Amino acid sequence: MPETTWWKRGIVYQIYPRSFQDSNGDGIGDLKGIRQRLDYLMWFGIDALWISPIYISPMADFGYDVADYCGIDPIFGTLEDFDHLIEEAHAKGLKLILDFVPNHTSDQHPWFQESRSSRANPKRDWYIWRDPAPDGGLPNNWISNFGGSAWEWDEATEQYYYNAFLKEQPDLNWRNPEVRKAMYDALRFWLNRGVDGFRVDVIWHLIKDAEFRDNPPNLGFQPNQAEINRFLQVYSADQPEVHEVVSEMRRVLEEYPERVLIGEIYLPLERLVTYYGQNLSGAHLPFNFQLIHTAWNARQIAALINEYEDALPEGGWPNWVLGNHDQPRIGARVGPRQARVAAMLLLTLRGTPTMYYGDEIGIGKVEIPPEAVQDPWEKNEPGLGLGRDPQRTPMHWDGSAQSGFTRGRPWLPLDPRYPSCHVEGLRNEPTSILMLYRRLIELRRQHMALSIGRYKPIPTEGDVLAYERQHKAERLLVALNLGEKPHTFLLPDGATGRVLLSTGLDQGGETTGAQVHLRSDEGLIIALQG
Ligand code: NOJ
């Protein structure tokens with residue numbers, strides 16, 4: 001595989017389809033809406049869009065509860081709309097990645113309807129059914145990721161079924177070969193329509209312990225945490241046999257040229273990297289969420305980049321994620337000044353960056369009034385700040401009512417700050433965060449050092465994070481000030497430099513001496529000379 005295959009050098013942009021662009025006034029974004037915004041995405045400069053699930057779904061978990069893997073939910077449009085979208089995206093040189101949700105279906109999926117109809121049904125074993133424990137209690141102590149027991153009693157057939165998320169999302173039994181075949185056929189259905197790859201939902205969950213042993217208690221559990229953290233997830237996920245499934249999926253994708261397999265995996269680094277698989281037969285990109293979970297601190301981030309680089313298997317391609325529909329937005333976590341530094345970090349690290357729609361216009365913390373809450377997790381475990389609605393609010397396009405997102409009533413409220421933070425306005429502000437993102441993307445495209453170049457940490461102290469990226473004769477230095485105090489530092493090896501970009505967008509082309517000055521909250525990209 002050449003070093004420059006598209007998913008290695010390209011930038012992935014996640015669209016939460018309910019919130020990107022509504023075309024029919026129902027207040028929910030849709031496929032035609034995305035199509036209307038392809039020119040924006042081209043102008044912006046990304047390479048691939050990943051769309052969260054658009055399949056037929058009762059929407060108990062907003063599309064992550066699939067009732068038909070080979071159909072488009074009417075909320076989002078039709079298969080024809082999808083074909084138009086992919087055709088137009090491809091014509092514009094954009095790749096399209098779909099979300100694939102194999103761990104569970106909707107309880108409305110015909111497979112589950114059959115499975116629950118009787119113990120003798122041929123699809124009974126497609127899901128995970130268990131008798132009560134000998135004392136009549138739950139089969140084991142496994143907790144749902146959204147709180148409460150993960151076991152749901154089925155009155156008619158007198159067994160429990162397992163659901164790692166909502167009770168409306170029963171887990172499939174991936175030990176059953178028929179399930180695998182059906183799901184691989186669903187992948188082929190979309191691959192045949194031209195899809196360029198998949199982001200696979202909770203891929204590390206697919207196989208559970210064959211004996212369904214109790215998870216051990218988590219002695220560090222705090223009452224303000226989600227209930228799932230009461231136990232360490234030793235037996236309910238990340239089982240050795242899952243790697244066979246991941247490599248089978250990979251082989252399905254390999255029936256087609258240049259497709260990418262991305263795995264959603266929340267695990268510590270040493271476990272995460274096992275998902276590259278034996279001899280890289282697993283996921284091309286096991287999603288790396290470390291930047292989301294590490295404190296915004298130069299020393300800790302410097303250490304984490306080194307640990308990640310060291311942990312990667314030979315030939316395993318790195319990747320970095322700054323936000324998604326499940327995690328508080330970067331703007332909310334670090335504030336508007338550091339959000340610019342974060343953009344420079346994401347787009348200058350070695351490996352494929354995945355960015356989240358709306359971060360480029362600096363959407364920050366959005367308050368969701370109680371009556372507007374949509375997320376089932378917030379409803380199940382209220383008041384702990386677990387709700388994911390704040391990061392799912394609609395995109396801001398212009399200064400009109402509802403910011404051009406919809407003619408109707410949006411399904412989630414917009415950030416009330418939208419009148420001063422929307423694409424149209426920020427495009428005309430030369431130093432806006434939108435223009436910074438765009439310039440970073442452009443630079444990354446122009447300088448191979450930034451995408452595929454070698455990564456070398458530069459020792460620094462305090463709030464400064466610095467590293468060098470090198471490709472052939474080109475050496476670029478990235479220096480990021482994660483603090484509010486200005487800093488001065490020496491370029492490596494006595495080199496001098498030329499500033500390519502400042503996060504302030506007010507420098508470019510200046511030559512530097514051996515010493516460089518970083519203003520508060522500033523990031524610089526400097527071409528090293530000599
Ligand atoms: C991970 C998805 O990103 C999240 O939104 C969803 O609720 C769960 N998986 C369950 O599918």
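Preceding this paragraph is the structure being described.
Attention in this report is confined to the structure presented alongside it. Counting starts from 1 at the beginning of each chain's written sequence and moves along it residue by residue. In keeping with the predicted nature of the model, local features appear solely for residues at pLDDT of at least 70, side-chain atom pairs appear and are counted solely at 80 or more, and the whole-chain, interface and lining totals rest on all residues. For side-chain calculations, the full set of non-hydrogen atoms in the structure is used, while hydrogens and water are omitted.

### Some points on the sheet that holds strand 15 (residues 464-471)
Quick reminder of the rule: DSSP bridges decide pairing: two strands pair if at least two such bridges lie between them. Strands here are runs of E lasting at least two residues and helices are runs of H or I lasting at least four, both read from the DSSP assignment and numbered beginning at the N terminus. By definition in these notes, contact holds between two residues if any of their heavy atoms fall within 4.5 Å. The convention used is that axes are lines fitted to C-alpha atoms, helices contributing only their stretch in contact, and that angles between N-to-C directions extend from 0 to 180 degrees.
Read from one edge to the other, the open sheet built from six strands follows the order 14-15-16-21-18-19, with strand pairing classed as antiparallel. The open sheet is flanked by strand 14 (454-458) and strand 19 (511-512), the only strands paired with a single partner. Across two bridges, the pairing between strand 18 (residues 496-502) and strand 19 is antiparallel. If you follow Arg 498 over to strand 19, its bridge partner there is Thr 511. Sheet strands touched by helix 14 (residues 433-446): strand 18 and strand 21 (523-529). Its angle to strand 18, the strand with the most contacts, is close to 130°.

### Some thoughts on the packing of helix 11 (residues 330-346) against helix 14
This is how it is decided: Should an angle fall under 35 degrees it is called roughly parallel, over 145 degrees roughly antiparallel, and 65 to 115 degrees roughly perpendicular, with every other angle called oblique. Crossings are assigned a handedness: left-handed for a near helix turned anticlockwise from the far helix by less than a right angle, right-handed for a clockwise turn. Side-chain classes follow a simple rule in which Ala, Val, Leu, Ile, Met, Phe, Trp, Tyr, Cys and Pro form the nonpolar group, Asp, Glu, Lys and Arg form the charged group, and the remainder, Gly included, forms the polar group.
Running from N to C, helix 11 and helix 14 point in directions that differ by 15°, and their axes come no closer than 10 Å. Compared by their axis directions, helix 11 and helix 14 come out roughly parallel. As for the relative orientation of helix 11 and helix 14, their crossing is right-handed in sense. Seen from helix 11, the contacting residues are Ala 339, Arg 340, Ala 343, Met 344 and Leu 346; seen from helix 14, they are Ile 433, Leu 436, Tyr 437, Leu 440 and Arg 444. Taken together, the residues of the contact of helix 11 with helix 14 sort by class into eight nonpolar, no polar and two charged.

### Some thoughts on helix 14
Just so we agree on the cut-off: Helix span is expected to be 1.5 Å times the residue number reduced by one. Accessible area is worked out with a 1.4 Å probe on protein chains only. A residue is then buried under 20% of its type maximum, exposed over 50%, and partly exposed in between.
Helix length check: helix 14, at 14 residues, gives a terminal C-alpha distance of 20 Å against a target of 20 Å (1.5 Å per residue), a fit within 8%. Of all the residues in helix 14, the buried ones are Ile 433, Leu 434, Met 435, Leu 436, Tyr 437, Leu 440, Ile 441, Leu 443 and Arg 444.

### What to know about the pattern of salt bridges
Filter applied, for reference: Criterion for a salt bridge: a side-chain nitrogen of Lys or Arg within 4 Å of a carboxyl oxygen of Asp or Glu.
According to the stated counting rule, one finds 38 salt bridges in the structure shown. Its salt-bridge partner being Arg 199, residue Asp 201 comes within 2.9 Å of it at the nearest N-O pair. Note on Asp 201: relative accessible area 6%, which makes it buried. Notably, a salt bridge pairs Arg 417 with Asp 415, separated by 2.9 Å at the nearest N-O pair. Using a relative accessible area of 1% as the deciding quantity, one classes Asp 415 as buried.

### Observations concerning the nonpolar core
For the record, the criterion: Residues belong to a common nonpolar core when they are buried Ala, Val, Leu, Ile, Met, Phe, Trp, Tyr or Cys residues joined through side-chain atoms within 4.5 Å.
By size, the foremost hydrophobic cluster in this structure holds 152 residues, and its most contacted members are Tyr 13 and Phe 198. The dominant element in this core, judged by the number of residues it contributes, is helix 11, at nine residues. Trp 6, Ile 97, Trp 317 and Ile 452 belong to the second largest nonpolar core, which has 15 residues in total.

### Points about the site of the ligand
Put simply, the rule reads: Here a residue is considered near a molecule or strand provided that any single heavy atom belonging to it is located within 4 Å of it. For this analysis, a polar contact is any N or O atom pair within 3.5 Å, provided that within protein one partner can donate a hydrogen and the other can accept it, and provided that sequence-adjacent residues contribute only side-chain to side-chain pairs. Areas reported as accessible are Shrake-Rupley estimates using a 1.4 Å probe. Residue values count occlusion only from the protein chains shown.
Lining the immediate environment of the ligand, one finds 13 residues, of which Asp 61, His 104, Asp 201, His 325 and Asp 326 sit closest. A distance of 2.5 Å separates an oxygen atom of the ligand from a polar side-chain atom of Asp 61. One of the side-chain N or O atoms of His 104 is found 2.9 Å from an oxygen atom in the ligand. When the free accessible area of the ligand is taken as 290 Å², the share hidden by the protein chains comes to 97%.

### Regarding the sheet that holds strand 8 (residues 159-162)
If you trace the three strands from one edge of the open sheet to the other, you get 6-8-7, paired in antiparallel fashion. Here the strands that pair on one side only, and so sit at the sheet edges, are strand 6 (129-130) and strand 7 (151-154). Looking at chain direction, strand 6 and strand 8 are connected through two bridges and run antiparallel. Paired with Arg 130 across the bridge in strand 8 is Tyr 160.

### Some details on the pairing of strand 5 (residues 95-100)
Within strand 5, five of the six residues are buried, which leaves it mostly tucked inside the rest of the structure. Of the strand pairs in this sheet, strand 2 (residues 48-51) and strand 5 are connected by four bridges, and their pairing is parallel. Looking across to strand 5, one finds that Leu 49 is bridged to Leu 96. In terms of strand pairing, strand 5 meets strand 9 (residues 197-200) through four bridges, oriented parallel. In the strand pairing of strand 9, Phe 100 is matched with Val 200.

### Re the pairing of strand 14
Note on strand geometry: in a regular strand, side chains alternate between the two faces of the sheet. Bridge count between strand 14 and strand 15: five bridges; the pairing is antiparallel. Each bridged residue has a counterpart across the sheet, and for Ile 458 the counterpart in strand 15 is Ala 466. Count of turn residues in the strand 14/strand 15 antiparallel hairpin: five residues, of which Gly 462 carries a positive phi of about 60°.

### So, the packing of aromatic side chains
Keep this limit in mind: Between the rings of Phe, Tyr and Trp (Trp by its six-membered ring), a pair exists once the centres lie within 6.5 Å; its type follows the angle of the planes, with under 30 degrees stacked, over 60 edge-to-face, and the other angles tilted.
The final tally for this structure, using the stated rule, is 38 aromatic pairs. When the centroid spacing of 6.2 Å and the interplanar angle of 85° are considered together, the rings of Phe 20 and Tyr 357 count as edge-to-face. With Phe 20 in the loop between strand 1 (12-15) and helix 2 (31-36) and Tyr 357 in the loop between strand 13 (352-356) and helix 12 (376-380), this residue pair connects regions lying 337 residues apart in the sequence. Owing to a relative accessible area of 0%, Phe 20 belongs among the buried residues under this scheme. Residue classification places Tyr 357 among the buried positions, given a relative accessible area of 0%.

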